Each structure stands twice: as structure tokens, then as C-alpha cells.
Amino acid sequence: MNLNAASCMRVERPLVENGKTFSFGTSCCCEKETERINELRAVTRLKDFSLVMEQAPPPSKDSLEEIQALIANYKKICSQLSVDQTELASVTKDNQEMTQKCRQRSVKLAQSLDEEQRSNKERIENEKATVSSLSLEEIQLMEEIQKVEVALKQEEGENEQLRQEADVFTTVPEKKVVFTGDTGNAGDARKFEMNSRVVYPMEGGTALITFEDEAAANRILTMKTHQVALEGDCHITVEARPVRLMLPSLVEIASEVCPQRMLISDLPEMDTETLLNKLDIHFHRRINGGGEVEGCEFLPDSGTVVLTFVDDNIAQGLTETEFHEVQLKNKKHTVRVTPFLNGKITNLKTKWSACPRTLLLAGIPEVMEQETLQDLLEIHFQKNSNGGGEIEAVLYNPPGRRASALFESVGRPQEKEQ
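Here's a quick rundown of the structure. From a predicted model like this one, the values you see are computed outputs, not experimental measurements. Along each chain, residues carry numbers from 1 onward, in the same order as the chain's sequence is written. It should be noted that, the model being predicted, local features are given only for residues of pLDDT at least 70 and side-chain atom pairs only at 80 or more, the latter also being counted only at that level, while totals for whole chains, interfaces and linings use all residues. With hydrogens and water excluded, all non-hydrogen atoms of the structure serve as input to the side-chain values.

### Thoughts on the overall build of the chain
Filter applied, for reference: Helix and strand assignments come from DSSP, with helices taken as H or I runs of at least 4 residues and strands as E runs of at least 2, each series counted from the N terminus. Partly exposed residues are those whose accessible area sits between 20% and 50% of the maximum for their type, while under 20% is buried and over 50% is exposed, using a 1.4 Å probe and protein chains only. Accessible areas in this description were obtained via Shrake-Rupley with a 1.4 Å probe; residue shielding takes into account the shown protein chains only.
For the chain, the count of helices and strands is seven helices and twelve strands. Within the chain, the fraction of its 418 residues that count as buried is 25%. Element-wise, carbon and sulfur atoms account for 50% of the exposed surface of the chain, whose accessible area totals about 30000 Å².

Quick look at the structure:
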């Protein structure tokens, strides 16, 4: 029997006995059973399957026994349906429990998936931050590499310059020296000496006086004001002031090989103008490796000549040969050609320094001739009674005029004696 049939069945069969017809009906199930069948049918429909029971062949309707057999058959069907209903209820409960477990598991999986997604997102953000940091570090490293390359090029240029200077120092002009018998401590020897030449502007109505003794200059400065007697009962009042000069305390000079100049040494003693002309003619010729000469200068302190070419690198080619034969004094003379160094001040520090033996007299009026007043000033300040002493030099500048005094550095007393 198919459960998709009607929910309630009723059988009416006619009964014929002794020529009389009787009819009666019997119910296949009660109302509760009908409701259970309906529930079972609904559950079965939800599970998408139908229960098919094998039906016994319908009995013949001709006898009461057949009707009773049919009732028994239906009761058996009802009992079977009850059993099936119980089994379906158990299966439904199991399915519901399994569904609940699946839901719980799906919730846990969803939570785990969300956590994993958040973790992956954080990991991705961290990786992006790491990549960004590495990119920034790469840019910084590239900048440092470029700086190092620039510094390396500068070092290479400085090394090349130093190499050229070393080559120049090994080929400096030779200078004859003579031992005079003086000895001293090697640590006190000065390897480099610079003489100062300072131009001091003088205002009008002032005078400069240099004493031989530093103590005399200090006495005059201590007294400050002085009355200088003139002719008759006249006198003038002057003020003594220290002279301060700005002198270099540190000088750094960078040298480089000049591409246009060269230094010629080992020259014979002859007329300077003739010597310069001979050198100009010789090194002007292309056959001698020279070129157009711009200038030729004689250095009297070293006895050498500086030759300047118009074009660059001509001097370099001549210095590589070093020794050249030049027609001088009607014969061939071997001269030495070395590179010429240009100097450039790269660092200069100065300081104010007071002259120890020179002072300034200010407030001198123009009352007589310049030479006469200068003599009177010298007479006054060389007297010990006026606090003065022996005077080395005096320079007076009258009012309304401007003059410049030249100060030169002096050597040590020991050097003067030598």
C-alpha cells in the first residue's frame, strides 16, 4: 500500500444471507492513528522518499471470512506503520542531533575561518610593511652607495693629485747648499716659514714710533699721555696707543700642477734678458716639443725661470723629458725642466696681535713742518727721562693726509746673528 493514498479509509461491503442483503462498515484506523499516519507521511515527504508496503491481494467480498481477513490485514498494516513511525522518529532525532552537531561544527569552522582570515590579513599587512621598509632601506643604501662612489672619485682625484705632487717633489730644482758649521737640535728646525707683510693705514695727525727695546715701548704705553716740547714755551699733548695688526695664525695651501707653466733650473749666469729670450725662442719651436709662449719670468731668489705657454699640456710633455739642451752662450747647455705648482689658500685663520716695539701717537696737530715735527717727536721719546729709549724708526703723517706703513715680520735673534 502506498502512503500517498487518502489519509482515512472506510470499507463498506454488502452481505447477502438467505436472500437478504445486509450492509455494514468498519474503520481501518482510529483518529490518532490517522494523525500519526499524516505526521509520518509529512516526515517521509520531507525526507524525500515514500514507503511502499506490499499489499496482500484483496480478499473476495463474497464472505464474512474474507472481510475479517481484510480487517486483519489492515491491522497488520497499521502495526507495521506504527513500527515504521517509531523508527522514523528515532532516525529523525538522530538526524536532528547530527544537524545540531553540523551546525556547531560549521559555526566553529566559520569562527576559525574568520580568525585565519584576520591572521592572514595581519600577516599580509606585516609583509607589506616589511617590503616597504626593505624598499626604503634599499633606497637609503643606493644613496649611500652613490655618496661612497662620489667620495671614491674624489679620493681617486686627490690620490692622482698627490701622485703628481710627489712626482714634482722628486724633481724639484736642485739648489747648492754649504754647511757653515752651525749645529742645533733637529726638533727646533722649522720646515716652513712664512714672512708677513702687513700694510697699516695711518690716519692724519698720527705718528708711528718703533723702539729698539720693548721695555721702552711698554713704558710709553703705560704713561699714555705725553707733553712734547716745541720751540719756545709751546708744547703739544699726544696720546700713546698700541698698534694691533691682523696676522695669520693658520694657513693651509692646496697645490696643483699647472698645465701651462714649467720651471727651468740649472741655468748659467748670464744677462737676464738674453737668457729669457733664448729660452723663449727654444721652447717656442715645435721641433723642440714646445709651443707658443705667453710669458717668461726670472725668479732672482732661486735663479730659476717660469715659462708660461698659451696652450695646456705642452708643459707636461716637456717636463716628462726633464733635461733639455738649449743654445746658451754660443754653446749647448743642459737645463732641467720640472713642473710648476700653483698654490691656493684653502683655510686661513687670523688673529689680532699687538706690536711689541711699535706704538701709535695720536692727536698731533699741524703746527710746523712735517720733518721738523717728526724730529722733535723723535728727540722727545728717545730721552730716558721721558720714559723712552733708543728709537729705530719714526713716521709722522700730518692731519688731512693719508699714508700707509708697511710692517714686515722679523726673524728670531739667533737667526739675525747667523
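### Brief notes about the environment of S404
For clarity, the cut-off: Any two residues whose heavy atoms approach within 4.5 Å are treated as being in contact.
Mapped onto the elements of the fold, S404 is located in strand 12 (residues 403–408). Looking at S404, the relative accessible area reads 53%, which means it is exposed. Here the alpha-carbon distance between S404 and M202, two residues 202 residues apart in the chain, equals 5.5 Å. If near-sequence neighbours (up to four positions away) are discounted, S404 is found in contact with V199, Y200 and P201.

### Structural notes on unusual backbone geometry
For K224, which is not glycine, the phi torsion reads 70 degrees and is therefore positive. Among the residues examined, K224 registers a relative accessible area of 45% and is labelled partly exposed. Residue N313 is not a glycine yet carries a positive backbone phi of 70 degrees. With respect to the secondary-structure elements, N313 resides in the loop between strand 8 (304–309) and helix 5 (314–321).

### Quick notes on helix 6 (residues 370–381)
This is how it is decided: Helix span is expected to be 1.5 Å times the residue number reduced by one. Summarising the geometry, the arc corresponds to the directions from the helix axis toward the C-beta atoms.
Compared with an ideal rise of 1.5 Å per residue, which puts twelve residues at 16 Å, helix 6 spans 17 Å between its outermost C-alpha atoms and is within 8% of the ideal. Among the residues of helix 6, those classed as buried are L373, Q374, L376, L377, H380 and F381. End-on, the buried residues of helix 6 take up no more than an arc of 160 degrees, which puts them together on one face.

### A look at the packing of aromatic side chains
What counts here: Here a Phe, Tyr or Trp ring, Trp counted by its six-membered ring, pairs with any other such ring whose centre lies within 6.5 Å, and the pair is stacked when the planes are under 30 degrees apart, edge-to-face when over 60, and tilted otherwise.
Scanning all chains against the criterion turns up one aromatic pair. Judged by centre distance (5.8 Å) and plane angle (80 degrees), the ring pair of Y200 and F407 falls under edge-to-face. Taken as a pair, Y200 in strand 3 (residues 197–202) and F407 in strand 12 lie far apart in primary sequence, 207 residues in all. In terms of burial, Y200 and F407 fall into one category: buried.

### As for the nonpolar core
Threshold: Each nonpolar core is a collection of buried residues, namely Ala, Val, Leu, Ile, Met, Phe, Trp, Tyr and Cys, held together in the definition by side-chain atoms within 4.5 Å.
I209, F211, L359, L361, I364, L377 and F381 are the most contacted members of the largest nonpolar core, which has 21 residues in total. When residues in this core are grouped by element, the largest group, four residues, is from helix 6. Those residues in contact with F381 that lie beyond four places of it in its chain are I209, F211, I220, H226, V228, V238, L361, G388, G389 and I391.

### Examining the pattern of salt bridges
Keep this limit in mind: For this analysis, a salt bridge means a side-chain nitrogen from Lys or Arg found within 4 Å of a carboxyl oxygen belonging to Asp or Glu.
Tallied over the entire structure, the rule returns three salt bridges. Linking E322 and R336 is a salt bridge whose minimum nitrogen-to-oxygen distance equals 2.8 Å. Of this pair, E322 sits in the loop between helix 5 and strand 9 (323–328) while R336 sits in strand 10 (residues 331–362), and the two are 14 residues apart along the sequence. With a shortest N-O distance of 3.0 Å, E392 and R357 are connected by a salt bridge. Placement of E392 in strand 11 (residues 391–397) and of R357 in strand 10 is noted, with a sequence separation of 35 residues between them.

### Details of the pairing of strand 6 (residues 235–265)
Filter applied, for reference: Two strands are said to pair when DSSP picks up at least two bridges between them.
Examined bridge by bridge, strand 5 (residues 225–229) and strand 6 share five bridges and lie antiparallel to one another. The residue bridging V228 from the neighbouring strand is I236, located in strand 6. Where strand 5 folds back on strand 6, the antiparallel hairpin that results is connected by five residues, among which G232 adopts a positive phi of roughly 75 degrees. Where strand 6 and strand 10 come together, 21 bridges link them in antiparallel fashion. Following the sheet pairing, S255 is matched in strand 10 by G343. Of the pairings in the sheet, the one linking strand 6 to strand 8 comprises four bridges and is antiparallel in character. From the neighbouring strand, M262 faces strand 8, where its bridge partner is L307.

### Focus on helix 4 (residues 272–284)
Owing to its 3.6 residues per turn, the α-helix aligns residues three or four sequence positions apart on the same side. Convention followed: Counting of polar contacts relies on pairs of N or O atoms within 3.5 Å, with two restrictions inside protein: one atom must be capable of donating a hydrogen and the other of accepting it, and residues adjacent in sequence are counted only when both atoms are side-chain atoms.
End to end, helix 4 covers 18 Å across 13 residues, agreeing with the expected 18 Å (1.5 Å per residue, within 8%). Within the span of helix 4, buried status applies to L275, L276, L279, H282 and F283. Buried residues of helix 4, seen end-on, are gathered within an arc of 135 degrees and therefore sit on one face of the element. At its buried positions, helix 4 is contacted by strand 6, strand 7 (293–299), strand 8, helix 5, strand 9 and strand 10. A side-chain oxygen of the first residue of helix 4 lies 3.4 Å from the backbone nitrogen of E273; this N-cap is D271.

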